[in-house]
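Chain by chain, the residues:
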Protein chains: 2
Amino acid sequence: MAERLVVVGGDAGGMAAASQARRRRPDLEIVALEKGRWTSYSACGIPYVVGGDVSGIDALIARSPETFRSDFAIDVRTQHEAMALDLDRREVEVRDLRAGETYRLGFDHLHLGLGAVPIRPDLPGIDGPHIHGVQTLEDAAHLLEDATSCSTGDVVVVGGGYIGLEMAEAFINRGCRVTVVDRGPEVMGTLDPDMGALVSAALRAKGVTVRTGEAVLGFDAGRVELAGESLPADLVVLGLGVAPNSALAAEAGVATGVRGAISVDQRQRTSVAGVWAAGDCCESFHLVAKERVHIALGTVANKQGRVAGINLGGGYATFPGVVGTAITKLCATEVARTGLTERDCQRLGFEFVVATVTSTTRAGYFPGAGDIKVKLLAERRSGRLLGGQVVGMEGAAKRIDTLAVCLTAGMTVEEMTGLDLSYAPPFSPVWDPVLIAARKAAEALEGEA
Amino acid sequence: MAERLVVVGGDAGGMAAASQARRRRPDLEIVALEKGRWTSYSACGIPYVVGGDVSGIDALIARSPETFRSDFAIDVRTQHEAMALDLDRREVEVRDLRAGETYRLGFDHLHLGLGAVPIRPDLPGIDGPHIHGVQTLEDAAHLLEDATSCSTGDVVVVGGGYIGLEMAEAFINRGCRVTVVDRGPEVMGTLDPDMGALVSAALRAKGVTVRTGEAVLGFDAGRVELAGESLPADLVVLGLGVAPNSALAAEAGVATGVRGAISVDQRQRTSVAGVWAAGDCCESFHLVAKERVHIALGTVANKQGRVAGINLGGGYATFPGVVGTAITKLCATEVARTGLTERDCQRLGFEFVVATVTSTTRAGYFPGAGDIKVKLLAERRSGRLLGGQVVGMEGAAKRIDTLAVCLTAGMTVEEMTGLDLSYAPPFSPVWDPVLIAARKAAEALEGEA
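Before going into details, it helps to say that this report is about the structure given with it. Note that residues are indexed from 1 along each chain, following the sequence as it is written. Each chain gets a letter, beginning with A, and each ligand a number, beginning with 1, in the order they are written. Local features in this predicted model are restricted to residues of pLDDT 70 or higher, and side-chain atom pairs are both shown and tallied only at a pLDDT of 80 or more, whereas totals for entire chains, interfaces and linings draw on every residue.

A few words now on the overall build of chain A. Of the regular secondary structure elements, chain A holds twelve helices and 25 strands. The globule rule used here is 2.2 Å times the number of residues to the 0.38 power, and the radius of gyration it is set against is calculated over C-alpha atoms. Taking 22 Å as the expected radius of gyration for a compact globule of 449 residues, we find that chain A reaches 23 Å, a close match to that expectation. Across the 449 residues of chain A, 57% fall into the buried class. Counting from the N terminus, the helices are DSSP H or I runs at least four residues long and the strands are E runs at least two residues long. To assign burial, the other C-beta atoms lying within 10 Å of each residue's own C-beta are counted, with C-beta atoms placed from the backbone; 20 or more indicates buried, 12 or fewer indicates exposed, and intermediate counts indicate partly exposed.

Right, let's talk about the interface of chain B and chain A for a bit. The parts lose accessible area when they come together, and the size of an interface is often stated as this lost area. With 49 residues of chain B at the interface, the matching set in chain A holds 49 residues. Contributions of two or more residues to the side of chain B that touches chain A are made by helix H8 (298-312), strand S21 (326-330) and helix H10 (400-409) of chain B. When residues in the side of chain B that touches chain A are grouped by element, the largest group, eight residues, is from H10 of chain B. By definition, residues are in contact whenever their C-beta atoms, placed on the basis of the backbone, come within 7 Å of each other.

Here we come to the relation of the copies chain B and chain A. With an RMSD of 0.0 Å, chain B superimposes on chain A once it is rotated by 180 degrees and translated 0.0 Å along the axis. Seen this way, the second copy is the image of the first under a two-fold rotation axis. Closest to the rotation axis within chain B is the C-alpha of Thr402 of chain B, separated from it by 2.4 Å. Interface overlap between copies: 100% of the residues of chain B at the interface are likewise at the interface in chain A, consistent with a symmetric, same-surface contact. Copy-to-copy superposition: least squares on the C-alpha atoms, limited to residues that have pLDDT of at least 70 in both copies.

On to the environment of Glu448 of chain A, then. Residue and element names in this part refer to chain A. For Glu448, the position within the fold is in helix H12 (residues 433-448). Along the primary structure Glu448 and Met1 are separated by 447 residues, whereas in three dimensions their C-alpha atoms are 68 Å apart. In this view, Glu448 contacts Val353 and Arg380; residues no more than four positions away in its chain are not counted.

Attention now moves to the sheet that holds strand S21 (residues 326-330) of chain A. Residue and element names in this part refer to chain A. Spatially, five strands are ordered S21-S22-S25-S24-S23 in an open sheet, and the strand pairing comes out antiparallel. Each having just a single partner strand, S21 and strand S23 (352-360) make up the two edges of the open sheet. Strand after strand, the sheet turns through a mean of 10 degrees between neighbouring axes, direction not considered. As paired strands, strand S24 (residues 371-379) and strand S25 (residues 385-392) are joined by seven bridges and run antiparallel to one another. Residue Val374 lies in a different strand from S25, and its bridge partner there is Val390. To obtain an axis, a line is fitted to C-alpha atoms, over the contacting stretch when the element is a helix, and the angle between two such axes runs from 0 to 180 degrees between their N-to-C directions. Contacts from helix H6 (residues 193-205) reach S21, strand S22 (333-339), S24 and S25, with the element oriented near 20 degrees to S25. Packing against the sheet, helix H10 (residues 400-409) makes contact with S21, S22 and S25, and its axis sits at approximately 0 degrees to S22. Whether two strands pair comes down to DSSP finding at least two bridges between them.

Here it is as structure tokens:
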């Protein structure tokens, strides 16, 4: 009888592994369980569907259940939810949501791509029907309906992270009145406040009301309660981040770590032999902070899933970790970050110099040249790059990849000043802004020494 | 009496050094000699002035002689040409081109930023008045006049490198009939032919006649002679690359190396004590080929000039070398390369695998997503990245910087598969094309092993 791999979770962390395992093990029986109706979709694309840039939810589906069945011979079972794991008997308890029936499914190998769930703070009224997270395509369908309904006038976004701000822009594009409420000194708390302030300014220029340093105390029908004030809200969008959806694994005895995410080694093995995990339900290792972190991003989930799948298929691969790279575009402003912020450094005990420079995305005289601000943090004494942030106009933000590779390679800012980065007038000034920032950071270090 | 630094050459290689030396040595007397009328200009911007994207030659001047005089206390002497160097007596023989007088100028330190000159092949008629290189702002002024003159109908560009193709586009934009003649199998000989073919196609789509595998045999008034055919040519643009303008130094006994470029060490010191050099007149060390090369690019010249200036000013800095990065935009097509091509590898004895992938610049479903092709070369056994080429639509080419850093860090393509590159739908698919290419290269290596 063929060995059976059961995959729990039909999105990136699960299906990237399933596909890779199939490539290397044509003999394997692979069953994938997904409680929703869709597989392998781009949750990151939801704001663009809601805002109208992308036409329809179907565009976000990378591979349908039918494709996995026909092209990968994977037995995808949508609307089948894994209810419990029995790791001693090597069985999953499965609920067929359409039929309303429960059955047990044995496995030789188990892979968990359980994903994450939007954080819902424990506040009065949080379960109101007009309060939405942004995670699944079911969420997307609800939000799209709200966005295109003429009864949605006032939208309050709670939390000014990536997804919250992308949703704020989406509803502005739909003609709604949008307020973002964030507890931090500026939106985009994964940047330093001086860089986050640029993002707040861009949103305000687009017509979003940004309220920072304020906490939401609760929700009523049609209102969001702040200290001493209440805001009208036909719709509330939760942008407070996500938590790993690891309860199923934890209850079965799989070890978890930071924020309750499933602990995995470099090959994506959990603490239980024969049980693997990848994606938003898992920990990653942060290569600069040198600690385990929970970073829920599609690109990380795909890489971890691929590594798990290669190993599941009898190959060898490791996932070395992350450096904390993220990017977004808000109105015309591009925003990106990688590595550690000032606050991260302070927490971890790193002493550092800061260099922030303003330059242009193209040669200053070239049509379409826009502002770009690059901020670098470099460790004292070693001169090693610790982190970088970029805010600017078209063409600015993808420069973060250059910094991400520098971090991965452990480069110093002095070494960075010599990097052979590309230059032509349509693409950058003769000194790319990354090089200008590296020079300034190197000078700051020299000034200290 | 103050020590005197004489700088020969008023563009990047010279003036970047002069500025840095000034910052560190307020006491130094600095005299800069420039035979032309301008200082610190962007030669790379000339095609965009000629094509009309940038209005006027003045826009290309980063710092004028007046600025260097007033803000940097540098005695800039334009239209003063260094005719000879007397390194024993520590004097430069200078010709004041306006006054028609010659004088000798003593120095304690000498810095050579002599630049490069367009290669003029030894062919019949090469000195015709309608045959132009693209190097100085004087060239720019001539070409701009030709471009906007109604008597210029037929333009022939000899050589299909960066500057030649940029000029071809410029004259097409001005309504001329343009033919590019290149001896190679495809234009853009710094790419492999399979990637160069994409560039040829883009030019043809824009209306440029591209003739590859053909040599120019000579020039007549109004014509360019090929084997068995002659092309009408009101104007001929030379795009055959440049040669280091090192004769002045070589005649004085300064050692030269590859292609006659001035030999320098990592601090930009020449073979003669107290004599420095930087920019297009110099060699660089190629960090992948591990050999000395002559690469004439503004970004390299600026970096070398800065390093020379820091050292001249009593500081310490080194220029580690280049990886051969270059970028351009032709019509809507972006083109970039770094490291070694297949031909380079063959010459150097590197055995390698090739991975070429086609993907999209943004998420496939996102508005404005365009094609991108990424080609990677990786060394057999070691798996180390050897080179990369990118051709694609808006947003494609700056990805070359990611590859340039990977080359500098000596990364393997397997290591690259784990890189934490940025992803959001407006910027890339969930697997950035660079990662897809790295995966394919890693698979090719695994297939070999």
